[in-house]
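Residue-level structure breakdown
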Amino acid sequence: MPIAREGNNECVCSIELPDDVFPQHMIDFLKESHTNMTHIIDQELDKITKINDTMKVFEDRVKNLTEKIRDMEMNGIKDQTDYTNTKNLIDNLNQLSKDLHSKLNGTDTDIEHLLTEVNNISSIVWQLESFDTNSVLATHRELATIRKQLADCEEAAGNPNFGLPSAGLLAPEFGKCDKKVLVNISKPFIVKLNWRGFNYRYGAWGKDFAVGAKNPDLFWVAPLNTDERLMETYRLYNSYSDLLLYKNQVEKTLSQYIGLTWNYISCGQGSGTILYNGSLYYNCHNSRNLCKLDVATNKVKRKSLEDAAFNNWFSYSGINWQDFDFAGDEKGLWVMYSTESSKGKIVIGKLDPDNLKLLKTWETSAYKPNVTNTFMICGVMYALQRLSAHKEKLFYTYDTSTGKEGTTDIIMEKLSATPQSVSYNPNDHKIYMYNDGYLVTYDVLFKRLPRKERRSVANEDEQTALIAVSGGRQQFAMIQ
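Here goes a summary of the coordinates provided. As the structure is a computational prediction, the values presented were derived from the model and not from experiment.

What to know about the packing of aromatic side chains
When we look at a pair of aromatic rings, we describe it by the centre distance and by the angle of the planes. If you walk through the whole model with that rule in mind, you get 14 aromatic pairs. Where Phe-314 meets Tyr-367, the ring centres are 6.4 Å apart and the plane angle is 70°; that geometry is what we call edge-to-face. In this pair, Phe-314 sits in the loop between strand E17 (300-304) and strand E18 (325-329) while Tyr-367 sits in strand E21 (residues 358-367), placing the two residues 53 residues apart along the sequence. On the basis of relative accessible area, Tyr-367 is assigned to the partly exposed category, the value being 35%. Relative to Tyr-382, the ring of Phe-375 has its centre 5.5 Å away and its plane inclined at 15°; by these criteria the two rings are stacked. Aromatic ring contacts, followed pair by pair, group Trp-205, Phe-209 and Tyr-432 into a single cluster. In this arrangement the basic side chain of Arg-229 is found over the ring face of Trp-321, its NZ or CZ atom lying 3.9 Å from the centre. Its end group placed over the ring of Trp-334, Lys-350 keeps NZ or CZ at 5.0 Å from the ring centre.

Considerations on the sheet that holds strand E9 (residues 233-237)
What the four strands build is an open sheet, ordered E6-E7-E9-E10; its pairing is antiparallel. The open sheet has two free edges, formed respectively by strand E6 (203-207) and strand E10 (250-253), since each of these has just one partner strand. Strand-to-strand twist in this sheet, taken as the mean axis angle between neighbours without regard to direction, amounts to 15°. Two elements, E6 and strand E7 (residues 219-223), share five bridges in a ladder whose sense is antiparallel. In the sheet register, Gly-203 faces E7, and the bridge partner there is Pro-223.

Topic: the nonpolar core
Ranked by internal contacts, the top residues of the largest apolar core, which has 62 residues, are Trp-205, Trp-220 and Met-381. For this core, the element with the highest residue contribution is strand E19 (residues 332-337), accounting for five residues.

What about the pairing of E17?
For a regular strand, the rule is simple: side chains alternate between the two faces of the sheet. Here strand E16 (residues 289-294) pairs with E17 via five bridges, running antiparallel. In the sheet register, Asn-289 faces E17, and the bridge partner there is Ser-304. Hairpin connection, E16 to E17: the antiparallel pair is bridged by five residues, and Asn-298 has positive phi, about 65°.

What counts, and where the lines are drawn
- Residues numbered from 1 in each chain as written.
- Predicted model: local features only at pLDDT ≥ 70, side-chain atom pairs only at ≥ 80, totals over all residues.
- Heavy atoms only, no water.
- Phe/Tyr/Trp six-rings, centres within 6.5 Å; stacked < 30°, edge-to-face > 60°.
- Helix = DSSP H or I, 4+ residues; strand = E, 2+ residues; numbered from the N terminus.
- Buried < 20%, exposed > 50% of the residue type's maximum accessible area, 1.4 Å probe, protein only.
- Lys NZ or Arg CZ within 6 Å of the ring centre and 35° of its normal.
- Pairing = 2+ DSSP bridges.
- Axes fitted to C-alpha atoms, helices over the stretch in contact; angles between N-to-C directions.
- Core = buried A, V, L, I, M, F, W, Y, C linked by side-chain atoms within 4.5 Å.

What follows is the structure, given as structure tokens:
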């Protein structure tokens, strides 16, 4: 406070500081610790550089020694000098490995020292915060948290696929049709080339498409022969890792050598094949029959699909012999085909997986030779149309539950011109494509569903912050 003194014009001000100001000695400690940390980090970076150089020298010497030993194995030891040089090379390599081991051990000690410095600084910072009587730092953090929550809510409102827990939205469950709305498809992910090589450009592959399958992790790959028609062999893998590593595979052949000739009656035709609950479903070769092959017992069931066009009469655009296209989704087993009476328009058939009986059919207005492929999601057929060599468009839908047709505009990228096989799997929300010999997957993105109950936001420090979702709107409240 100001104090005026009589007899002169001097004004003296006195300041009373509270006891809980920021202590200077702690600030000085922080500065010193920061300097030490910077020095230690510089030293560690220098050590890493030296270790990296030593590793390169070590690698070069190992290569030289390997070549020297290989030459000795092939041609023998030339003389005593040759033997001595090789022994010296081994001794030098041994000494270099010891030096490298010593440097690495020394690094561990310095890293522990660095971690100790970090812990000391963290402790001092938390102590300093206790002197913040106006709660400036705590308020700043709380404001940052609220801003983050507000940004999450705004993004969730404009992006139906926003997936953070604080958005209050749920992804549709696997295998269920709880108002699933397809909104987008990811970029393609190349898994690998089919095991038969580049020449086998046509075929089908995927994971068991049945909800509640006997072996849900069973993968299969069925390349067509180079005639782009005959499915003669296929492989099974019990896991995704087995598929990637070409191990533990079971390869089976469908053709039979009978009476000095090959019989293809059990073989498939075209790339419309799928695996559904442990059985392959496909178009029986050279017929309008549907085939069901139990991959465990190798037993085949056949069922004629009356009036169905076959033998490349109404196949997809740019694809031969795919007169029957099987699909499995949340609602069961389907087949897309055409008939003489439909004059090339796609007919959707719901099948009984056990006896291949056609339960119900829907005739669409989509002309099959103008469509490059189709797949089913929750009883809705999605049709693809070629845009360019590397892009397809989902342009047409048919909902079997309502009998209504619709349009959509979702772009689907691809590796090359023709998507030979396109199938959606309800167990992982992925699309499996066989594209010019490559096994490709896509992630399918659905509109997320709002939660109907009050729930905590993703903030472990604030237990009283809640987001309530009601009528599609989110409200943020702090409970006192």
